[in-house]
Amino acid sequence: METVRLVLLFIHIVGFASLLGGLLVQAPLPEKVVNPAMRDGIGTAFVAGLLLVGVLEADDDSVDHAKVGVKFAIGLAILVLVMANVRKERIPQGLWAGLLLLTLANIAVAVFWSPVHT
């Protein structure tokens, strides 16, 4: 079960890396879009995160439900915003900045709200 957990964690991290990369590559561009890296990244990260929590629960590992709830809420907000704008020709600068801030917030929750630091 530990191997499954690690594989899912790896996939989750790669998904967020894709989302963040898809956002950052557009930083110097005047017009922003929802690109495939963003779409596929958040989809991958979201599903892998759900599966990861399921594996942890099934293995009777302790799960910080407050942290999972916060990460789920932020991830769901990103997923909804990305999917709602995936077919649009461009997205407003404010939406792009909001997606970037939400992505960084979700990463920050994962890093700083960790049992390793307590």
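Predicted, not measured: the structure shown is a model, and the values here were computed from it.

Considering a negative patch on the surface
- A grouping of E57, D59, D60 and D61 is seen on the molecular surface, where their side chains present a negatively charged patch.
- Exposure remark for E57: the relative accessible area of 35% places this residue in the partly exposed category.

Brief notes about the packing of aromatic side chains
- Taken as a whole, this structure holds 1 aromatic pair when the rule is applied.
- Measuring from ring centre to ring centre gives 5.4 Å for F46 and F72, while their planes differ by 40 degrees; the resulting arrangement is tilted. Here F46, found in helix α2 (residues 36–58), pairs with F72, found in helix α3 (residues 65–84); they are 26 residues apart in sequence, far enough to count as distant.
- The exposure class assigned to F46 is buried, which follows from its relative accessible area of 15%.

A short note on the side chain of T103
- Positionally, T103 belongs in helix α4 (residues 93–112).
- Residues in contact with T103, not counting those within four places in the same chain, are F16, L19, L20, L23 and I78.

With respect to the packing of helix α1 (residues 2–24) against α4
- Remark: α1 packs on α4, axes separated minimally by 10 Å, with the N-to-C direction vectors making an angle of 150 degrees. Taken as axis vectors, α1 and α4 run roughly antiparallel relative to one another. Crossing angle aside, the handedness with which α1 passes α4 is left-handed. Across the interface between the two elements, F16, L19, L20, L23 and L24 of α1 pack against W96, L99, L100, T103, L104, N106 and I107 of α4.
- Split by residue class, the contact of α1 with α4 holds 10 nonpolar, 2 polar and no charged.

Things to note about the side chain of N85
- One can find N85 in the loop between α3 and α4.
- Residue N85 is classed as buried on the basis of its relative accessible area of 8%.
- Looking at N85, its side chain comes within polar contact range of the main-chain oxygen of L81, at 2.7 Å.

Observations regarding the packing of α3 against α4
- The interhelical angle for the contact between α3 and α4, taken along N-to-C directions, is 155 degrees, at an axis separation of 10 Å. By the angle between their axes, α3 is roughly antiparallel relative to α4. When the axes of α3 and α4 are compared, the crossing they make is left-handed. Taking contact as the criterion, the partners of K67, V70, K71, I74, G75, A77, I78, L81 and V82 in α3 are, on α4, L95, L99, L102, T103, A105, N106, V109 and A110.
- For the contact of α3 with α4, the class distribution of residues is 12 nonpolar, 3 polar and 2 charged.

Quick notes on a nonpolar patch on the surface
- On the surface, V7, F10, I11 and V14 cluster together to form a nonpolar patch covering roughly 350 Å² of accessible area.
- Mapped onto the elements of the fold, V14 is located in helix α1.

Here is what the cut-offs are and how they apply
Residues numbered from 1 in each chain as written. Predicted model: local features only at pLDDT ≥ 70, side-chain atom pairs only at ≥ 80, totals over all residues. Heavy atoms only, no water. Patch = residues over 30% accessible without salt bridge, like charges linked within 9 Å, V, L, I, M, F, W, Y side chains within 5 Å. Areas by Shrake-Rupley, 256 points an atom, 1.4 Å probe, with all protein chains shown as cover. Salt bridge = Lys/Arg side-chain N within 4 Å of Asp/Glu carboxyl O. Lys, Arg positive; Asp, Glu negative; His and termini not counted. Charge placed at Lys NZ, Arg CZ, Asp CG, Glu CD. Buried < 20%, exposed > 50% of the residue type's maximum accessible area, 1.4 Å probe, protein only. Phe/Tyr/Trp six-rings, centres within 6.5 Å; stacked < 30°, edge-to-face > 60°. Helix = DSSP H or I, 4+ residues; strand = E, 2+ residues; numbered from the N terminus. Contact = heavy atoms within 4.5 Å. Axes fitted to C-alpha atoms, helices over the stretch in contact; angles between N-to-C directions. Parallel < 35°, antiparallel > 145°, perpendicular 65-115°, else oblique. Left-handed = near helix turned anticlockwise from the far one by under 90°. Nonpolar A, V, L, I, M, F, W, Y, C, P; charged D, E, K, R; others polar. Polar contact = N/O pair within 3.5 Å; in protein donor to acceptor, adjacent residues only side chain to side chain.

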